[in-house]
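Each chain, written out:
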Amino acid sequence: VQLQASGGGWVQAGDSLRLSCAFSGGAFSEYTMGWFRQAPGKDRELVAVIKRRGGSTYYGDPVKGRFTITRDNAQHTVNLQMNSLKPEDTAVYYCAADRGIITSSLYRSELYDHWGQGTEVTVSS
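First, a word on scope: everything that follows refers to the structure included in this document. (Residues numbered from 1 in each chain as written. Predicted model: local features only at pLDDT ≥ 70, side-chain atom pairs only at ≥ 80, totals over all residues. Heavy atoms only, no water.)

### Here's the deal with the overall build of the chain
Along the backbone of the chain there are 0 helices and 11 strands. Of the regular secondary structure in the chain, the N- to C-terminal order runs β-β-β-β-β-β-β-β-β-β-β. Computed over its C-alpha atoms, the radius of gyration of the chain comes to 13 Å, within 12% of the 14 Å expected for a compact globule of 125 residues. With the principal axes as the frame, the chain shows a C-alpha extent of 40 × 30 × 25 Å. Buried residues in the chain amount to 42% of all 125 residues. Here the chain displays about 6200 Å² of accessible surface, and carbon together with sulfur accounts for 44% of that area. Across the chain, the mean location of the 13 positive side-chain charges is 5 Å away from that of the 12 negative side-chain charges. (Helix = DSSP H or I, 4+ residues; strand = E, 2+ residues; numbered from the N terminus. Rg over C-alpha atoms; globule rule 2.2 N^0.38 Å. Buried < 20%, exposed > 50% of the residue type's maximum accessible area, 1.4 Å probe, protein only. Areas by Shrake-Rupley, 256 points an atom, 1.4 Å probe, with all protein chains shown as cover. Lys, Arg positive; Asp, Glu negative; His and termini not counted. Charge placed at Lys NZ, Arg CZ, Asp CG, Glu CD.)

And the structure:
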């Protein structure tokens, strides 16, 4: 499985940005897909996850109500729409995939088998 993240950039507070992750090398519909982020000096944290079946979504508390994760099983992509961006959203954003992760462990980045290269998001105040 290969993941290619894109869409990062530099924006001002209050702006919007859309990240995309292209999936290849596996049966996309069988994978739970997630976005994590890591800011300098901080641990990697869950941003959003969309499950493989049913498409249930989960969000980290800091982004609830502002970010939306979607998946396109025909195009093999997962997108993260980020609205009302804040300076504290500044981080490297990583796309992740896993086939067997259970709901209670969705926030545990160490359990995801596949990772993209990361795309940097900088939000200035």
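### Structural notes on the pattern of salt bridges
Per the counting criterion, the structure on display carries 6 salt bridges. Salt-bridge contacts for Lys 64 lead to Asp 61; the nearest nitrogen and oxygen are separated by 2.9 Å. Take Asp 61: its relative accessible area is 62%, and that puts it in the exposed class. Shared partners join several salt bridges into a network, and the residues in it are Arg 37, Glu 45, Arg 66 and Asp 89. (Salt bridge = Lys/Arg side-chain N within 4 Å of Asp/Glu carboxyl O.)

### Some points on the state of the cysteines
Within the structure shown, the criterion is met by 1 disulfide. Bridging Cys 21 to Cys 95, the disulfide has an S-S length of 2.0 Å. Linking Cys 21 and Cys 95, the disulfide has an S-S dihedral of approximately -85° and is accordingly described as left-handed. In this pair, Cys 21 sits in strand β3 (residues 17-24) while Cys 95 sits in strand β9 (residues 91-98), placing the two residues 74 residues apart along the sequence. Since its relative accessible area comes to 0%, Cys 95 is described here as buried. (Disulfide = S-S within 2.5 Å.)

### As for unusual backbone geometry
Among all residues save glycine, negative phi is the norm, and among peptide bonds the norm is trans. Here His 76, not a glycine, exhibits a phi torsion of approximately 60°, which is positive. Following the sequence through the fold, His 76 ends up in the loop between β7 (67-72) and β8 (77-82). Look at Ser 84: it is not a glycine, yet its phi comes out positive at around 50°. By the element assignment, Ser 84 lies in the loop between β8 and β9. Look at Ser 84 and you get partly exposed, because its relative accessible area is 41%.

### Focus: the nonpolar core
In this structure, Met 33, Trp 35, Leu 80, Met 82 and Tyr 93 are the most contacted members of the largest nonpolar core, which totals 28 residues. Put simply, the parts of the chain that give this core at least two residues each are β1 (2-6), β3, β4 (32-38), β5 (45-50), β7, β8, β9 and β11 (119-124). Phe 36, Ile 101, Leu 106 and Tyr 112 belong to the second largest nonpolar core, which has 7 residues in total. (Core = buried A, V, L, I, M, F, W, Y, C linked by side-chain atoms within 4.5 Å.)

### Regarding the packing of aromatic side chains
In this structure the tally under the stated criterion is 6 aromatic pairs. For the ring pair Phe 36 and Tyr 112, a centre distance of 5.1 Å and an interplane angle of 75° mean the geometry is edge-to-face. Residue Phe 36 is found in strand β4, and its partner Tyr 112 is found in the loop between β9 and β10 (114-115); the two are separated by 76 residues along the sequence. Consider the rings of Tyr 112 and Trp 115, whose centres lie 6.2 Å apart with planes at 65°: the pair is edge-to-face. (Phe/Tyr/Trp six-rings, centres within 6.5 Å; stacked < 30°, edge-to-face > 60°.)

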